[in-house]
Amino acid sequence: MVRVKSPEEIQRMVQEHPMHLRRIFSITAHIDHGKSTACDYLMRRAGLLSDSYAGQARKTDTDDEEQERGITIFTSVALLNYKYQDKDYLLELNDTPGHISFTGEVSRALRGSDGAVLLVDALEGVMTQTVTNIHLAVGNEWTKPVLFINKVDRLTKELKLKPDKIIERFGLIIKEVNEQIEAVAPKQFKKEWQVNPADGRVIFGSAKDGWAFTIPMLKRKGVESAKFVIEKYDEAVRNDTDEPIKWLRENFPLDDALLEVIIAHLPSPDEAAPYRMRRLWGERIDEVKDFKSMADAGDDPVKQAAYGMLTVDRNAPLVGMITKIFIHPRTKRPTLIGRVFSGTLKEGDEIYLLNAKRALRIRRLGVQELDSLLPVPIVPAGNLFALELPEIQPAGETFVHIENKGFPPFEKIRYVSDPVVSRSIKPENPQDLSKLGDIVRKWVLADPTAVFRKDEDSGEYILSGIDPLQIEILTKRIAEELDIKIGIPITVYHESPMAGGFRIRTKCPESLNRIELMVEPLEPEIVQLIRDGKLDEYMDERVQAKLISEAAGWDRKVGRNIWGIEGTNLLLNLSRGVQRLDRIKPYVITAFRDFCHSSVLAREPIMGMKVSMYDATVHEDPAHTKAGQIMIMTASALNISFLSGNPGLYEPVLRIDVKTPEDTMGSVISYVTQHRGKITGTETRGGNAFLSGELPASEASRGIADELRSATSGRALFGYQFEKFQVLPKGLQNETILSIRKRKSEEGRDMSSEPPTVEAFKNRIYPEWQSVMPRIREHLRAMERKAVVPELMARLLGEE
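My aim in this report is to walk through the structure given alongside it, one point at a time. Because the structure is predicted, anything quoted here is derived from the model rather than measured.

Quick notes on the rules
Residues numbered from 1 in each chain as written. Predicted model: local features only at pLDDT ≥ 70, side-chain atom pairs only at ≥ 80, totals over all residues. Heavy atoms only, no water. Helix = DSSP H or I, 4+ residues; strand = E, 2+ residues; numbered from the N terminus. Rg over C-alpha atoms; globule rule 2.2 N^0.38 Å. Buried < 20%, exposed > 50% of the residue type's maximum accessible area, 1.4 Å probe, protein only. Contact = heavy atoms within 4.5 Å. Areas by Shrake-Rupley, 256 points an atom, 1.4 Å probe, with all protein chains shown as cover. Lys, Arg positive; Asp, Glu negative; His and termini not counted. Charge placed at Lys NZ, Arg CZ, Asp CG, Glu CD. Core = buried A, V, L, I, M, F, W, Y, C linked by side-chain atoms within 4.5 Å. Salt bridge = Lys/Arg side-chain N within 4 Å of Asp/Glu carboxyl O. Patch = residues over 30% accessible without salt bridge, like charges linked within 9 Å, V, L, I, M, F, W, Y side chains within 5 Å. Polar contact = N/O pair within 3.5 Å; in protein donor to acceptor, adjacent residues only side chain to side chain.

## Re the overall build of the protein
Here is step 1 of the chain: Each helix and strand in the protein was counted, giving 26 helices and 32 strands.
Here is step 2 of the chain: For 800 residues, the compact-globule estimate of 2.2 N^0.38 gives 28 Å, and the protein sits close to it at 28 Å.
Here is step 3 of the chain: By its C-alpha atoms, the protein is 90 × 70 × 55 Å across when sized along the principal axes.
Here is step 4 of the chain: Within the protein, the fraction of its 800 residues that count as buried is 60%.
Here is step 5 of the chain: Long-range contacts, defined here as pairs at least 24 residues apart, represent 73% of the contacts in the protein between residues at least 6 apart.
Here is step 6 of the chain: Summed over its atoms, the accessible surface of the protein is roughly 31,900 Å², and 46% of this surface lies on carbon and sulfur atoms.
Here is step 7 of the chain: Taking the average location of the 111 positive side-chain charges in the protein and that of its 118 negative ones, the two points are 2 Å from each other.

In structure tokens form, the structure reads like this:
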């Protein structure tokens, strides 16, 4: 438990402190660029860490696993109070992870932040996660950036650069960061948000050694240029003495530089609200932007809340968001962390969760100080909060007071990576299966970049995530609560139709109900809307229709008939005048969802599929329209139409960055290309080669990182991030499908060695299958030459 200096002062400031003297921000960086080390100096300045431990304790890494691995895994939240230029400031800080495995933590932290400190290693420069963080912070969440070029010491110690070359290196990093900012920043801030060292928005320093400076700081101290400071450090290295470093710490302490830049250049909540709320709550903010006071909102609670968010009004209707779930590493007790954007949150309040559509009463309320909840009876707008509810709720949930349950939620938090690796888990004791489900659900709610489902055939849970490390951490946490058996890491492929399938009619086993539907690819524009969180099945149908019409040119009447969205797949009801349709609707949707999670080729999830239901016949007797009857009929139709839509596998592809000595560049390129990868860019500087490229995730999971390090005598640094799904090469399709089916069969799932053909579902075809099969084969022959899986096409056509 962290010992908070002056907790009463923090409690008072949360409730009463002026808005212009607050800053809510995140520190982000590529792995090992020095975030947590830099945070130590803010902790020390706030009185939470002694001078001797600053730069070594990694105070914000509160979890034992983080300390052991030397990396940040979970975002740490801390509220710190400082006196700066005779004014008291309240800083609410998020120290975020730098590893791609935990990039979801970064996305969630930025949702509750107004500013971002982008930290870059002076030697390694802008890396994969640096670019991702800029896109998340500036592009997705509209948080204003500042830059800290850290580890300047490495340029002298490792590269032996002269001061002039170091200054030149600074310029290159700043240029690259600004190019990334300009590429994704809101239109009105493309120039304004670029970091300029002359105005003090760039910090240069060494967190390890505890010194840093900005150009305005140098001028105030009578130092002509940054070259003087670099020469001081060069002197320490050349003469192997600490005296120049001590001088730098005394004259340019790191915490002075950090605090000055954070306070002077990151916005207060009321400064950020006008543009950030437009991003997070959409056009509703435009309706109130010209209001002079709350009175202009009249009796409309939505307009009152919009104006409250725009002005950070503690007396407006409550609107807040859960952005993080902190699960204590020892007690496993969940604490929900987030931000109040409008109104005031009070202990004992009953809040309404807009997506879950239910009300829960707050048990404990306060603010988070690293691993502890500091009780605070009320948390007004403009603050991060920490609370406990009777039941855990997912990160990304919007809440209001129960009388305003008709409010629209915030835009969903967007994540940059899809699940591409999975592992099976099951309890040592089969009687603990339900308990295991509850534990896994808790951890997945805390990290929505992971997903899980129960495999009914094997009785196992399948846990999928961004990469093996994320799954390793999650399974280790789960195993601390229950003894489990864990399968090996497996690459997650996706199945998808490449063309429109056959429009098929099927019947239930008793032939009393019928359905007609067709599977086809979903337009890429609509897939992107779903990925970006701009389209979901819970939206008002008029909003859905407008979005789809503008993105893909659909008729708005069609766009108002969405029955379900699962992953990037969409179910449409295009039927007209079907009697008793509502009776079978939930079963059709359930069958659709099940099929999306476990398709026909290899029981892998589906992506980019549109299912259009054109007609149905529903028996008048409810006894004949039960779940089993309707779901069998629907699943058969989905399988037939999917198989006839030229389906194939997509594989996940990673974007890779490799830093290696120039003399090993050829070996690295050779290794990447031998693993079906490709190099998309090369650059050399300072004796090192920086390569960017693409690599299938299945190849990366085979230890290519270790091979690269071996080939370069441990000198290569390898970073990666999910980039996209792409069609698996035709020559690997059938082999991979059969391999996946064999593995799953060996794991205990009821699965034949090859995918079924249409004839496997012939008893469900309406009318009699003998009259329909010739038309299905005709449909298949039209796409035979373009078959993604020729072996499957041959079997479907009966030409084995």
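We are not done yet, so read on.
## Looking at the nonpolar core
Here is step 1 of the chain: Counting residues in each nonpolar core, the largest one holds 79 residues, and the members touching the most others are Phe25, Leu42, Leu147, Phe148, Ile149 and Val177.
Here is step 2 of the chain: Here Val177 is in contact with Leu118, Val120, Val126, Ile134, Leu147 and Val195, once residues within four sequence places are set aside.
Here is step 3 of the chain: The next biggest cluster of nonpolar side chains, apart from the first, holds 75 residues, and it includes Ile325, Ile327, Ile337 and Leu445.

## Here's the deal with helix H2 (residues 35–45)
Here is step 1 of the chain: For H2, the buried fraction is high: 9 of the 11 residues fall into the buried class.
Here is step 2 of the chain: When H2 is considered as a whole, its buried residues turn out to be Lys35, Ser36, Thr37, Ala38, Cys39, Asp40, Tyr41, Leu42 and Met43.

## Section: the pattern of salt bridges
Here is step 1 of the chain: Applying the stated rule across the entire model yields 54 salt bridges.
Here is step 2 of the chain: Close ionic contact of Lys83 with Asp88 constitutes a salt bridge, the shortest N to O distance being 3.3 Å.
Here is step 3 of the chain: When its relative accessible area of 51% is taken as the criterion, Lys83 is described as exposed.
Here is step 4 of the chain: Members of the salt-bridge network, linked through shared partners, are Arg111, Asp114, Glu141, Arg276 and Arg339.

## Quick look at a negative patch on the surface
Here is step 1 of the chain: A cluster of acidic residues, Glu283, Glu287, Asp299 and Asp300, forms a negative patch on the protein surface.
Here is step 2 of the chain: Note on placement: Asp299 falls in the loop between helix H12 (269–281) and helix H13 (301–311).

## Quick word on unusual backbone geometry
Here is step 1 of the chain: Cis rather than trans, the peptide bond between Tyr766 and Pro767 has omega equal to -5 degrees.
Here is step 2 of the chain: Its place among the elements puts Pro767 in the loop between helix H24 (730–746) and helix H25 (769–781).
Here is step 3 of the chain: Residue Lys357 is not a glycine yet carries a positive backbone phi of 55 degrees.
Here is step 4 of the chain: Residues other than glycine seldom take positive phi values, yet Arg603 does so here, at roughly 60 degrees.
Here is step 5 of the chain: Assignment of secondary structure puts Arg603 in the loop between helix H19 (581–597) and strand E28 (609–617).

## Observations regarding the environment of Asp447
Here is step 1 of the chain: Assignment of secondary structure puts Asp447 in the loop between helix H14 (433–446) and strand E19 (451–455).
Here is step 2 of the chain: Linking Asp447 and Trp247, residues 200 residues apart in sequence, is a C-alpha distance of 44 Å.
Here is step 3 of the chain: Residue contacts for Asp447: discarding those within four places in its chain leaves Arg108 and Gln470.
Here is step 4 of the chain: Engagement of the side chain of Asp447 in a polar contact is seen with the side chain of Thr449, the distance being 2.5 Å.
Here is step 5 of the chain: Here the side chain of Asp447 touches Gln470 through a polar contact of 2.8 Å, side chain to side chain.

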